[in-house]
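Below, each chain spelled out in residue letters.
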Amino acid sequence: MAPPSSVVVTIEKPNGFSLVEINGSESSLLLEKQKQVSPKQFTWFLLLKAHRVVACISWLAMAFKTMLSSVKKRISVSDVSEEEAKSKRLYRFIKAFLVISIVALVIEIVAHFKKWNLNLIQPWEVQGLVQWSYMAWLSFRVDYIAPVVLTMSKFCTVLFLIQSLDRLVLCLGCFWIKYKKLKPRIDEEAYDIEDPSSFPMVLVQIPMCNEREVYAQSIAAVCQLDWPKDRILIQVLDDSDDGNLQSLIKDEVSLWREKGVNIIYRHRLIRTGYKAGNLKSAMSCEYVKDYEFVAIFDADFQPNPDFLKQTVPHFKGDPQLGLVQARWSFVNKDENLLTRLQNVNLCFHFEVEQQVNGYFINFFGFNGTAGVWRIKALEESGGWLERTTVEDMDIAVRAHLNGWKFIFVNDVKVLCELPESYEAYKKQQHRWHSGPMQLFRLCLPAIISSKISILKKANLIFLFFLLRKLILPFYSFTLFCIILPLTMFIPEAELPLWVICYIPIFMSFLNILPAPKSFPFLVPYLLFENTMSVTKFNAMISGLFQLGSAYEWVVTKKTGRSSESDLLALAERESKSSNEEKIHRRHSESGLEMLEKLKQQEVTPVKKKKNKLYRKELALAFLLLTAAARSLLSAHGVHFYFLLFQGLTFLAVGLDLIGEQIS
């Protein structure tokens, strides 16, 4: 059968279809044209891809140039932090390690390109003194240095696994509490609402020191607590050394007193003992003996009106209960990357650590605020002591040794602030990690000689202090900041992938579970925690051996942020008319004098702040980047990427590019 002389082709157009009849001879011409068009289309496709690649490279180049410009500007205008200037031992060690690493990297690069290798070169093939020295170093490294580094890495890995197991057990305990819906419960009818005398006497304390930004909102929140007015007394414990600020706080107290609130103002002339001394002085007042419980709120905390009704009833019917601790919530958790990462840490602390320890063993570290104490428990445990910078943990440990039980109520949340600048956060973490080591040295004899059970003693010594306060910062810094970069130059002691990648990511995943909205920050959280290990390690060592600024107590800087509901509730009080009312209500000073003070307050020059440079973090950044370059020669893969991103994280933190930026 003869082939058809013509072919019908359907051509699709944007606005429809059309039929074209093509003769057999013409069809071959069409196919040739199609073949001629295809290379042009391919060429345009390649040009388009090339344009996109060039645009991407251009964008990356501009971003890199902008970053270098920002870094240069930051270095030119920044100051070295005071803490960095004081603590030089660790910095000198890191700097020496960095210099050795750079020299080793240069030698390794030369050896790599000249193909010097201990296994491939025979002794008689060695040429020149430099090559001979390098081969001697390789032999010495294999025989003497590698075994020592390998032993250190195995020791730190064991500590790492033990601490990871502890966190896993805590998470399983939290899952069990959630699954069984276990939580402390109160009797809804514990007190007769119609009979105020059935409510216990409660003392509320607000310790503060130069808290200019937050004193008003804290006092306002506490004064609105829902409790019979004749069964509550509020103490504003002001340690401020600014005369104008003292006057403003006094006026705030007077304003609420005239509204019928039972509130008093106390100021110490000699500020000894910091917060512990302030609380100790307040508890020595004669009228305190009339009160059964004391609630404590730091100056940036804003409890809900029902706070006391959600916490105090837990004490009824349980005479051995000494403390009810509430959870913190944060008004500025989404302010910047630093506050988001802090939120992850603290959510795990409250949701997992505090809740599990509170439910299963009735003991945890008092958080220093947002808690209610039975005054009898404080007195029998020796009261507030000024011997450490963690007076809250101190009183909690002593109360536990005296047999008192603690309860953590995860459902009761108190609004507060997170530090927004890295400088403030670093100082806070230094105090939080040096204080426990001071306390451990002081409390160890008392723990051993106490009458509590062997299991409780073991929990205090091995879990509460050693594992969670000493071992955690020790292995984090040693393993990931010292041993890991060291193994890049000593490949015989190389760490396995599951140590530097798989288990850390899994543990970070567990840490981030209580804050599910923070899952996008999983990797930044892991890198930042390793970065903070240098601060925590330095603080732990200084507290354990009483070095440097171990006993320095620095008030965490506040910004005075409030939630939207707080701003609406306090808008009228913060208006200009309320300031005028304060002036007219003052009886000890004339209105003109008070007005002059307010004007001075408004125009008081604020000392210009600058972002800081952190030398230890910068030195570690260059150390890790040097190790990353060495791992690139050996094509380590995951090791290279971990060291690269960890080094860049240290660099960002060292230049104070995380947290609040000050122009």
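An unreviewed UniProt entry lists the chain under the name Glycosyl transferase, with Corchorus capsularis given as the organism. A UniProt comment under Sequence similarities (unreviewed entry) is attached to the chain, and it reads "Belongs to the glycosyltransferase 2 family. Plant cellulose synthase-like C subfamily." Its UniProt record, at the heading Subcellular location (unreviewed entry), says of the chain: "Golgi apparatus membrane".

Draft legend 1. Fine view of the overall build of the chain. The number of helices and strands found in the chain is 20 helices and eleven strands. Burial status across the chain gives 50% buried among its 663 residues. Here the contacts in the chain between residues at least 6 apart in sequence split such that 79% fall between residues at least 24 apart. Per element, the accessible surface of the chain, about 34,100 Å² overall, is 62% carbon and sulfur.

Draft legend 2. Seen up close, the packing of helix α19 (residues 615–633) against helix α20 (residues 638–654). One way to put it is that α19 packs onto α20 with a least axis distance of 8 Å and a crossing angle of 160 degrees. One finds that α19 runs roughly antiparallel with respect to α20. Relative to α20, the crossing made by α19 is left-handed. On the side of α19, the interface is formed by Glu 617, Leu 618, Leu 620, Ala 621, Phe 622, Leu 624, Leu 625, Ala 627, Ala 628, Ser 631 and Leu 632, while α20 contributes His 639, Phe 640, Leu 643, Leu 644, Gln 646, Gly 647, Leu 648, Phe 650, Leu 651, Val 653 and Gly 654. A class-by-class count of the residues in the contact of α19 with α20 yields 16 nonpolar, five polar and one charged.

Draft legend 3. Molecular detail of the pattern of salt bridges. Using the criterion set out here, one finds 22 salt bridges in the structure. For Lys 426, the salt bridge goes to Glu 617, with nearest N and O atoms at 2.8 Å. In this pair, Lys 426 is assigned in helix α12 (residues 422–449) and Glu 617 in helix α19, connecting sequence segments 191 residues apart. No difference in accessibility class separates Lys 426 from Glu 617, as the two residues are buried. Each of Glu 108, Arg 141, Glu 492 and Arg 630 takes part in one network of salt bridges that share partners.

Draft legend 4. Structural detail: the pairing of strand β4 (residues 202–208). In terms of residue burial, β4 counts as a mostly covered element, since seven of its seven residues are buried. The alternating pattern of β4 places Val 202, Val 204, Ile 206 and Met 208 and Leu 203, Gln 205 and Pro 207 on opposite faces, both of which are buried. Judged from the seven bridges that link them, β4 and strand β5 (residues 232–238) form a sheet pairing that is parallel. Bridged to Pro 207 within β5 is Leu 237. Handedness of the β-α-β unit built from β4, helix α5 (residues 215–223) and β5 comes out right-handed. Strand direction decides the pairing type here: β4 and strand β7 (residues 293–296), joined by four bridges, are parallel. Along β7, the bridge assignment pairs Val 202 with Phe 293.

Draft legend 5. Broad picture of the sheet that holds strand β10 (residues 405–416). Strand order in the open sheet formed by seven strands is β6-β5-β4-β7-β9-β8-β10, and the pairing between neighbours is mixed. If you trace the sheet from one side to the other, it starts and ends with β6 (263–267) and β10, each paired once. Strand-to-strand twist across the sheet, computed as the mean angle between neighbouring axes with direction ignored, equals 20 degrees. Pairing of β5 with β6, which is carried by five bridges, proceeds in the parallel orientation. Counterpart to Val 236 in the pairing with β6 is Tyr 265.

Draft legend 6. Quick look at the nonpolar core. Judged by nonpolar contacts, the single largest core of 91 residues is most densely connected at Ile 219, Trp 373 and Val 397. In terms of residue count, β10 provides more of this core than any other element does, seven residues in total. Residues within four places of Val 397 in sequence aside, it is in contact with Phe 363, Leu 439, Cys 443, Leu 460, Phe 464 and Phe 465.

Draft legend 7. Main features of the side chain of Glu 420. Looking at the element boundaries, Glu 420 is found in the loop between β10 and α12. The exposure class assigned to Glu 420 is buried, which follows from its relative accessible area of 5%. In terms of polar contacts, Glu 420 uses its side chain to reach the side chain of Asn 332, at 3.0 Å.

Draft legend 8. Quick look at the environment of Thr 487. Relative to the helices and strands, Thr 487 is located in helix α13 (residues 454–489). We classify Thr 487 as buried; its relative accessible area is 0%. Separated by 337 residues in sequence, Thr 487 and Leu 150 have C-alpha atoms that sit 8.7 Å apart. Discounting chain neighbours no more than four positions away, the residues touching Thr 487 are Val 149, Ala 493, Glu 494 and Leu 495.

Draft legend 9. Highlighting the side chain of Ser 518. Tracing the chain through its elements places Ser 518 in the loop between α14 (497–512) and α15 (522–545). For Ser 518, a relative accessible area of 8% puts it in the buried group. Aside from chain neighbours lying at most four places away, what touches Ser 518 is Arg 340, Asn 343, Val 344 and Ile 512.

Draft legend 10. Fine view of the packing of aromatic side chains. If you walk through the whole model with that rule in mind, you get 29 aromatic pairs. Ring centres 5.8 Å apart and planes at 35 degrees place the aromatic pair Phe 363 and Phe 406 in the tilted group. Residue Phe 363 is located in the loop between α9 (337–360) and β9 (371–374), and its partner Phe 406 is located in strand β10; the two are separated by 43 residues in the primary sequence. Neither Phe 363 nor Phe 406 differs from the other in exposure class; each is buried. Ring geometry for Phe 364 versus Phe 408: centroids 6.2 Å apart, planes at 80 degrees, classification edge-to-face.

Draft legend 11. Here's a closer look at the UniProt feature "transmembrane region" (unreviewed entry) in the chain. Look at the UniProt record and you will see "transmembrane region" (unreviewed entry) annotated at residues 42–64, 93–113, 144–177, 460–489, 495–513 and 617–633. Annotation note: span residues 93–113, helix share 100%, strand share 0%, distance between end C-alpha atoms 31 Å. For residues 144–177, helix accounts for 100% and strand for 0%, while the C-alpha atoms at its two ends are 51 Å apart.

Draft legend 12. Local environment of unusual backbone geometry. Within the chain, Asn 362 stands out as a residue other than glycine whose phi angle is a positive 55 degrees. Looking at where Asn 362 falls in the secondary structure, it is placed in the loop between α9 and β9. Phi at Ala 370 is positive, roughly 60 degrees, even though this residue is not glycine. By the element assignment, Ala 370 lies in the loop between α9 and β9.

Draft legend 13. Structural context of helix α3 (residues 89–114). Taking 1.5 Å per residue as the helical rise, α3 with its 26 residues ought to reach 38 Å, and the 38 Å between its terminal C-alpha atoms agrees with that figure. Looking at α3, one finds that the buried residues are Leu 90, Tyr 91, Ile 94, Phe 97, Leu 98, Ser 101, Leu 105, Glu 108 and Ala 111. Once α3 ends, the next one or two residues include Lys 115, with phi positive near 60 degrees.

Calculation notes
Residues numbered from 1 in each chain as written. Predicted model: local features only at pLDDT ≥ 70, side-chain atom pairs only at ≥ 80, totals over all residues. Heavy atoms only, no water. UniProt positions renumbered as here; feature names shortened; annotations may be inferred. Helix = DSSP H or I, 4+ residues; strand = E, 2+ residues; numbered from the N terminus. Buried < 20%, exposed > 50% of the residue type's maximum accessible area, 1.4 Å probe, protein only. Contact = heavy atoms within 4.5 Å. Areas by Shrake-Rupley, 256 points an atom, 1.4 Å probe, with all protein chains shown as cover. Axes fitted to C-alpha atoms, helices over the stretch in contact; angles between N-to-C directions. Parallel < 35°, antiparallel > 145°, perpendicular 65-115°, else oblique. Left-handed = near helix turned anticlockwise from the far one by under 90°. Nonpolar A, V, L, I, M, F, W, Y, C, P; charged D, E, K, R; others polar. Salt bridge = Lys/Arg side-chain N within 4 Å of Asp/Glu carboxyl O. Pairing = 2+ DSSP bridges. Right-handed = clockwise from strand over helix to strand, strands pointing away. Core = buried A, V, L, I, M, F, W, Y, C linked by side-chain atoms within 4.5 Å. Polar contact = N/O pair within 3.5 Å; in protein donor to acceptor, adjacent residues only side chain to side chain. Phe/Tyr/Trp six-rings, centres within 6.5 Å; stacked < 30°, edge-to-face > 60°. Expected span 1.5 Å × (residues − 1).

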